[in-house]
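Residue-level structure breakdown
Below, each chain spelled out in residue letters.
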Amino acid sequence: MSLDYENDDALHEKLIEEVLSHYPDKAAKRRKKHLSVAKNKQETAEEGQVVSECDVKSNIKSIPGVMTIRGCAYAGSKGVVWGPIKDMVHISHGPVGCGQYSWSQRRNYYVGTTGIDAFVTMQFTSDFQEKDIVFGGDKKLEKIIDEIEELFPLNNGVTVQSECPIGLIGDDIEAVSRKKAEEYNTTIVPVRCEGFRGVSQSLGHHIANDAIRDWVFDTTEVAYEAGRYDVNVIGDYNIGGDAWASRILLEEIGLHVVGNWSGDATLAEIERAPTAKLNLIHCYRSMNYICRHMEEKYGVPWMEYNFFGPSQIEASLRQIAKHFGPEIEERAERVIARYSALTYAVIDKYWPRLRGKRVMLYVGGLRPRHVITAYEDLGMEIVGTGYEFAHNDDYQRTGHYVKEGTLIYDDVTGYELEKFIERIRPDLVGSGIKEKYSVQKMGIPFRQMHSWDYSGPYHGYDGFAIFARDMDLAVNNPVWELYDAPWQKAAMLAASGAAE
Amino acid sequence: MPQSAEKVLDHAPLFREPEYRKMLAEKKRNFERPYPDRTVTDQREFTKTWHYREINLAREALVVNPAKACQPLGAVYAAAGFERTMSFVHGSQGCVAYYRSHLSRHFKEPSSAVSSSMTEDAAVFGGLKNMVDGLANTYKLYDPKMIAVSTTCMAEVIGDDLHGFIENAKDEGAVPHDFDVPFAHTPAFVGSHVDGYDSMVKGVLENFWKGEQRTVKPGSINIIPGFDGFCVGNNRELKRLLNLMGVSYTFIQDASDQFDTPSDGEFRMYDGGTKIEDVRAALNAEATVSLQQYNTRRTLEYCKAAGQATVSFHYPLGVKATDEFLVKVSEISGREIPEAIRLERGRLVDAMADSQSWLHGKKYAIYGDPDFVYAVARFTMETGGEPTHCLATNGTPAWEAEMKKLLASSPLGNDAQVWTNKDLWAMRSLLFTEPVDLLIGNSYGKYLERDTGTPLIRLMFPIFDRHHHHRFPLMGYQGGLRVLTTILDKIFDRLDRETMQVGVTDYSYDLTR
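Bear in mind that the values here come from a model prediction, so they are computed numbers and not experimental data.

Take the overall build of chain A next. Helix and strand content of chain A: 21 helices and 16 strands. The globule rule puts the C-alpha radius of gyration for 500 residues at 23 Å, and the 24 Å found for chain A is close to it. Viewed in the frame of its principal axes, chain A has a C-alpha envelope of about 85 × 60 × 45 Å. The burial tally for chain A puts 68% of its 500 residues in the buried class. In chain A, the share of contacts with a sequence separation of at least 24, taken over all contacts with a separation of at least 6, comes to 73%.

For the rest of this paragraph, the subject is the pairing of strand S10 (residues 278–281) of chain A. All names here are of chain A. The two faces of S10 match: Leu278 and Leu280 on one face and Asn279 and Ile281 on the other face are all buried. Alignment of strand S8 (residues 230–236) against S10, held across 4 bridges, turns out to be parallel. The partner of Val233 across the bridge, within S10, is Leu280. Looking at chain direction, S10 and strand S11 (residues 302–304) are connected through 3 bridges and run parallel. Counted as the bridge partner of Asn279 is Trp302 from S11.

With that settled, the discussion passes to the UniProt feature "domain: Nitrogenase molybdenum-iron protein beta chain N-terminal" (unreviewed entry) in chain B. Those places that UniProt annotates as "domain: Nitrogenase molybdenum-iron protein beta chain N-terminal" (unreviewed entry) correspond, in this numbering, to residues 1–56 of chain B. Along residues 1–56 of chain B, the helical share is 62% and the strand share 0%, with 46 Å between the first and last C-alpha atoms.

A few words now on the packing of aromatic side chains. Geometrically, a pair of aromatic rings is defined through the distance of the ring centres and the angle of the planes. A full pass over the atoms with the stated rule returns 43 aromatic pairs over all chains. Aromatic side chains Trp209 of chain B and Tyr302 of chain B sit 6.0 Å apart centroid to centroid with 20° between the ring planes, which places their arrangement in the stacked category. Linking Trp209 of chain B in helix H11 (residues 193–209) with Tyr302 of chain B in helix H14 (residues 297–305), this pair joins segments that are 93 residues apart in sequence. Each of the two residues, Trp209 of chain B as well as Tyr302 of chain B, counts as buried. An aromatic cluster is present here, built from Phe308, Tyr375, Trp452, Tyr458, Phe464 and Phe467 of chain A joined pairwise through their rings.

Now for the nonpolar core. Trp82, Phe152, Trp261 and Tyr375 of chain A are the most contacted members of the largest nonpolar core, which has 190 residues in total. Examining the composition of this core, we find that 10 residues originate from one element, helix H14 (residues 326–354) of chain A, more than from any other. Beyond its immediate sequence surroundings of up to four residues, Phe152 of chain A is in contact with Gly115, Phe119, Met122, Phe124 and Glu147 of chain A together with Tyr52, Leu62, Val64 and Trp425 of chain B. Of all hydrophobic cores here, the second largest spans 61 residues; its members include Val376, Phe379, Ile463 and Tyr477 of chain B.

Once that is clear, we can look at the domain arrangement of chain A. Residues and elements named next belong to chain A. By the assigned domains, chain A splits into domain 1 (9–65 + 354–454), domain 2 (73–217) and domain 3 (230–342). The gap between the C-alpha centroids of domain 2 and domain 3 is 27 Å. The interface of domain 2 with domain 3 comprises 23 residues on the first partner and 25 residues on the second. Here domain 2 meets domain 3 over a buried area of about 2,100 Å², counting both sides, of which 66% is carbon and sulfur. Sorting the residues of domain 2 by area buried against domain 3 places Tyr109, Asn209 and Phe217 first, and these three jointly supply 29% of that buried surface. In this structure, the connection of domain 2 to domain 3 is made through 1 salt bridge. For the side of domain 2 that touches domain 3, the secondary structure elements donating two or more residues are helix H3 (73–82) and helix H9 (201–215). Per element, the largest residue contribution to the side of domain 2 that touches domain 3 is 6 residues, and it comes from H9.

Residue and element names in this part refer to chain B. The first and last C-alpha atoms of helix H8 (residues 128–142) sit 21 Å apart over 15 residues, in line with the 21 Å expected at 1.5 Å per residue. Burial in H8 covers these residues: Asn130, Met131, Val132, Asp133, Gly134, Leu135, Asn137, Thr138, Leu141 and Tyr142. A positive backbone phi angle near 45° is found at Asp143, which sits one or two residues after H8.

All names here are of chain A. A sheet is described by the order of its strands in space; here 6 strands give the open sequence S1-S14-S13-S12-S15-S16, paired in mixed fashion. The open sheet has two edge strands with one neighbour each: strand S1 (35–37) and strand S16 (446–448). Direction aside, neighbouring strands of the sheet carry axes that sit 25° apart on average.

Here we come to the interface of chain A and chain B. Counting residues at the interface gives 118 residues for chain A, matched by 102 residues for chain B. Summing both partners gives a buried area of about 9,400 Å² for chain A against chain B, and 61% of it is carried by carbon and sulfur. Summed over the shared surface of chain A and chain B, the number is 11 salt bridges. Across the salt bridge formed by Glu32 of chain B and Lys86 of chain A, the nearest N and O atoms sit 3.0 Å from each other. Remark: the boundary between chain A and chain B carries 47 residue pairs in polar contact (both at pLDDT 80 or more). For the side of chain A that touches chain B, the per-class residue count stands at 56 nonpolar, 35 polar and 27 charged. Examined bridge by bridge, strand S5 (residues 124–125) of chain A and strand S1 (residues 63–64) of chain B share 2 bridges and lie antiparallel to one another. In the sheet register, Phe124 of chain A faces S1 of chain B, and the bridge partner there is Val64 of chain B.

Further remarks concern the UniProt feature "domain: Nitrogenase/oxidoreductase component" (unreviewed entry) in chain A. In the numbering used here, UniProt assigns the "domain: Nitrogenase/oxidoreductase component" (unreviewed entry) feature to residues 72–472 of chain A. Annotated as residues 72–472 of chain A, this span is 49% helix and 14% strand, and its ends, taken at the C-alpha atoms, are 33 Å apart.

What follows deals with the confidence of the model for chain B. When pLDDT is averaged across chain B, the result is 98; 100% of the residues are at 70 or more. Here the complex is predicted with pTM 0.98, and the ipTM for its interfaces comes to 0.98.

On to the side chain of Lys140 of chain A. Relative to the helices and strands, Lys140 of chain A is located in helix H6 (residues 138–151). Among the polar contacts listed, one links the side chain of Lys140 of chain A to the side chain of Asp132 of chain A, at a separation of 3.0 Å.

On to the packing of helix H19 (residues 433–441) of chain A against helix H6 (residues 93–107) of chain B, then. Closest axis-to-axis distance for the H19 of chain A/H6 of chain B pair is 8 Å, and the angle between their directions is 50°. For the element pair H19 of chain A / H6 of chain B, the angle class is oblique. Of the two elements, H19 of chain A crosses H6 of chain B, and the hand of that crossing is left-handed. When H19 of chain A is examined against H6 of chain B, the residues Ile433, Lys434 and Tyr437 of chain A are found in contact with a partner set consisting of Ala97, Arg100, Ser101, Ser104 and Arg105 of chain B.

Right, let's get into the sheet that holds strand S10 (residues 386–392) of chain B. Across a sheet, strands are paired by hydrogen bonds formed along the backbone, either parallel or antiparallel in direction. Residue and element names in this part refer to chain B. Strands sit in the order S11-S10-S9-S12-S13 across an open sheet of 5 strands; the sheet is parallel. Looking at the sheet topology across the chains shown, the edges are occupied by strand S11 (417–420) and strand S13 (456–458). Here the strands of the sheet are splayed against their neighbours by 15° on average, with no regard to which way each runs. Pairing of strand S9 (residues 363–367) with strand S12 (residues 438–441), which is carried by 3 bridges, proceeds in the parallel orientation. Looking at S12, one finds that Tyr364 is bridged to Leu438.

About the thresholds
- Residues numbered from 1 in each chain as written.
- Chains lettered and ligands numbered in written order.
- Predicted model: local features only at pLDDT ≥ 70, side-chain atom pairs only at ≥ 80, totals over all residues.
- Heavy atoms only, no water.
- Helix = DSSP H or I, 4+ residues; strand = E, 2+ residues; numbered from the N terminus.
- Rg over C-alpha atoms; globule rule 2.2 N^0.38 Å.
- Buried < 20%, exposed > 50% of the residue type's maximum accessible area, 1.4 Å probe, protein only.
- Contact = heavy atoms within 4.5 Å.
- Pairing = 2+ DSSP bridges.
- UniProt positions renumbered as here; feature names shortened; annotations may be inferred.
- Phe/Tyr/Trp six-rings, centres within 6.5 Å; stacked < 30°, edge-to-face > 60°.
- Core = buried A, V, L, I, M, F, W, Y, C linked by side-chain atoms within 4.5 Å.
- Domains from an automatic or database assignment.
- Buried area = accessible area lost by both parts, 1.4 Å probe.
- Salt bridge = Lys/Arg side-chain N within 4 Å of Asp/Glu carboxyl O.
- Expected span 1.5 Å × (residues − 1).
- Axes fitted to C-alpha atoms, helices over the stretch in contact; angles between N-to-C directions.
- Polar contact = N/O pair within 3.5 Å; in protein donor to acceptor, adjacent residues only side chain to side chain.
- Nonpolar A, V, L, I, M, F, W, Y, C, P; charged D, E, K, R; others polar.
- pLDDT = per-residue confidence, 0-100.
- Parallel < 35°, antiparallel > 145°, perpendicular 65-115°, else oblique.
- Left-handed = near helix turned anticlockwise from the far one by under 90°.

Here is the structure:
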């Protein structure tokens, strides 16, 4: 279904001008390129769908001192790509902080015995001290790997997630990894994801993808007999169980998910990936690199899909099924039909409560576009959206999702986001923990759209019910009515009365 | 199909439905290349043994689940305790995203800080340009009264000189010459967040006190609270006590309002905090009192060098620690401790006497920042408890010695062991081999509760998975009452759970306890 609405482009243009006027000239000039209002594009997409143009500069350095919401390459590698692989030990290599702050915060669900055969919600760090900076940390790293092998013998591999100092002091973590991998006959992956590399999390994703290519693929014999319906799910981190709510659908239509990258993943699933018949990529931003590589080297085609909300799930299931032919297509239709009762029940229940509510988003990865239709499935409208670390190709893809007049903000600053929200006063904001409380102070409902605000899954049909319920409980909670003290209201009324 | 619109199943029940259990079992069997169950069980049992404990405690390089964070977190927290002060962290930008998230997740409040966003080229050429542009942008956009600069490890490794950079930035007009930009070098590879706190507070004092003439204002006291996740409750409670006594005091660093702003339609980027003019005037105080010695070692040295008397405590919590704090304050200020406070004290003692039978002989494992561990060990001993494991990842040899002295002061401390520089994976072995009744720490302790079955009481930063505890004090007699009640609730809830099985254990499911 497609929801018809338009956004107030004149207001949005004006808001951009307003926020820019507060910057020093040099910063205003740079920030200007990151802000825009979606315009109708003349050409249309293949299916005759209207495409908007989101013409902003992206993936360039953040300006110092403006309160960017972005993270770093380490966050992109350890936090996003590698961290969820459950049977490997991921060492936060450097000082204690990075590992501490990212410990257990992404909600990558997994099943395993933590500390025994699974290690996701643990913080392994080399806890660098001054002497390690001065004399180098390679000897320490060797010892750390020895101690991991002794204390956690059921690990299936180790990754070394570099923090800033590693690249600055000239440590050779590659040599250590090679040596120790041979000694223990195991997989050890050095990752050069020092936080100062690149301009955001994004380069960390890329570096992490490359590390899989260089240090995992083709290093061991994969004993696996491939089947014709084997697929990998790429770029689903199983936040709150997202990947599970997706997997169940793919299996129901007859596919075999032989690897899930990287939520609830094991090293075996990573190693086996090149044998699959198709890569299904959800978070394009963080894992397109490895999909392109697998296509080039192993001939595995890849396809983007979207499992947020019934409209996109239906379209995606059909598109995926088409790749495999009539048998799977027929099963896909049955699955869509089977879930339609649930879908209609959810929409019937929540549409009247959410219809016409206006939403602003600011997230990372795929969500600033991928979740738009899920909101629209509930009758909600997207007035603004933006990415922390998108590239140009993300904004191109965003054009397929947003309506004309939507406010677009790339690498938004704390100042801009606050002003935009204050002036637009949407009915709901979806962003991260750093944004949550300031928005709520303004009396505007908020949902964290990185961690699903400790809820989820939001993927799949089962997840859509939870998504709808969560948006409803945020928007329609009675607390938003309690902000003004009654005597304050009376005083305001009296004041306005006197003025008349 | 387990999901429905009428009764939406959340993740916990959803994935226990048969369809999902089957799916996950098949995933494991077919695709995960798992170890045999027996191997996993054997290893799990092995980790509970004394043998495993020995190799675990003998670790020299690997750190697993530490109970400490890095210096700049402490600096950002410290800066939040001064009037309209923006934290500016010089170095990589991802760090700042982490500090802000970490503080927000604990306080359930916004946490504002900016980064100089240094990248690879800054690693080569230094971050001067980032500092100049960054200060200009922060000054213009966020209208601060003061910008407090600290560093990430990147800036420390390449050796950026904050003092020189800030002077340069002022010369280039990034901020006015008379604008206050205190700074502190806060290398993440030295000490922990408590040291970053120390350095930043010292940096602020130096900024305002350096070269100034001191005119002693007799009887006036500066109070430095230290890094404290309970600052909201604690600072307000201490102010109440000091006001009751009529003491002339200044809190130096007070984040209690910053991290507890009201919801009334307005987002306050800045709220409360020590006023700049009060920081300036604080030079004239007769004495500076630190509530957490291991958070303020360098700051106190500086105060001493400035001519002030200095006193320090270890997180004044419980009866005797609060007594000592009040007596000392009374001594310095010349103000009597009023009868009302004596009655409060009596009420805490009364409550402890009422409940003593439930607390006597209980064994505790306590971990956290050094001063906190000292405080809780002391208070549990006041209730007849036996602190068995006292662990501070960021403890020092001096702390260890002080702890041992405290524990030796009572037979209740006879079996106590002090663990410096150990982490929570070490604690796991300790709890398996020498079990205790209760574990006191922060949210990270929940993994120990899961693995060892030891009930966890969350009394220290960070607390992510329980809400609003930090809004209530732990310090002072009122705080003691709160801690006492929290411990008792845990004991009673557990006892009820253990005795509620109908027809089996519920003979002990007593109505009155």
